Amino acid sequence: MDYKVEFENEGEGIAFGVYFTDTLDEDMDDSTLVIGPVKDVKTDEVIAPEGTYNPKTRTITWMLGEVGSKKGGYAEISVNVKNDAPKGTEIINYGTVYFPSVPEVTRTNAIVSKIPDTEICDNGTDDDGDELIDCDDPDCFSQDCQEVCDDGMDNDGEFCREGLIAGL
């Protein structure tokens, strides 16, 4: 899953000591976490380094310092869902921006994602989190999946063996 956490100083003055955080949901696999730097929202120029991750609190923190009036930025993170996360689980992600000099704390809009209950068989994605995609997933057997007899998989659920298809 990929997330973008954005912030903006909407005030008329410079904000000092600004930082923002994002806490990973318990169903996210922090061993797969990739944390990006802070970039200017208008130019994509890097304006602060990558955030730091605290595994005890599952929180990423990006330190910005000074943010000018009407200036903003963003940081991106990428992280996978845990393999044992229950199907149908909702994962809610949001960031929190801290403006200590104001003082103000602003929570970003939440993004709600749901771990699918089943595989969607024609989108090239592992929807149900079992590391099998589309016709390679047993959930898709007999759903218009064509047999490929040299890939070591039973793509259509009919258990064909290489070389034993009619006409070969």
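Residues numbered from 1 in each chain as written. Predicted model: local features only at pLDDT ≥ 70, side-chain atom pairs only at ≥ 80, totals over all residues. Heavy atoms only, no water.

K.L.:
Looking at this model, I keep getting lost on the pairing of strand β1 (residues 2-8). Mind explaining?
P.N.:
Successive residues of a regular strand alternate their side chains across the two faces of the sheet. What you see with β1 is a clean split: Y3, V5 and F7 sit on the buried side and D2, K4, E6 and E8 on the side with no burial. In this sheet, strand β7 (residues 72-81) lies alongside β1 in antiparallel orientation, the contact comprising 7 bridges. Residue pairing across strands places Y3 opposite I77, the latter belonging to β7. (Buried < 20%, exposed > 50% of the residue type's maximum accessible area, 1.4 Å probe, protein only. Helix = DSSP H or I, 4+ residues; strand = E, 2+ residues; numbered from the N terminus. Pairing = 2+ DSSP bridges.)

K.L.:
Would you mind going over the side chain of R58 with me for this structure?
P.N.:
If you trace the backbone, R58 turns up in the loop between β5 (52-54) and β6 (59-67). A residue is classified by how much of its surface remains accessible, and R58, at 8% relative accessible area, is buried. Looking at R58, its side chain comes within polar contact range of the main-chain oxygen of D25, at 2.7 Å. Look past the residues within four positions of R58 in its chain and what remains in contact with it is D22, T23, L24, D25, E26, M28, D30 and Y53. (Polar contact = N/O pair within 3.5 Å; in protein donor to acceptor, adjacent residues only side chain to side chain. Contact = heavy atoms within 4.5 Å.)

K.L.:
Explanation requested: the confidence of the model for the protein in the structure shown.
P.N.:
Detailed conclusions should not be drawn from predicted coordinates in areas where pLDDT is low. The pLDDT averaged across the protein works out to 84; a share of 84% of its residues lies at or above 70. Across the protein, the element-wise mean pLDDT spans from 88 in strand β11 (residues 111-114) up to 98 in β5. Per-residue pLDDT stays below 50 along residues 161-168; that stretch engages in 6 contacts with residues further than four places along the chain or on separate chains. (pLDDT = per-residue confidence, 0-100.)

K.L.:
I'm lost on the state of the cysteines in this one. Help?
P.N.:
Disulfides are covalent bonds that connect the sulfur atoms of two cysteines. Within this structure, the stated rule accounts for 1 disulfide. Each disulfide pairs two cysteine sulfurs, and for C121 the partner residue is C140, the sulfurs being separated by 2.0 Å. Between C121 and C140, the S-S torsion sits near -95°, and that sign places the bridge as left-handed. Note that C121 is positioned in the segment after β11 and C140 in the segment after β11, a separation of 19 residues in sequence. What makes C121 buried here is its relative accessible area of 14%. (Disulfide = S-S within 2.5 Å.)

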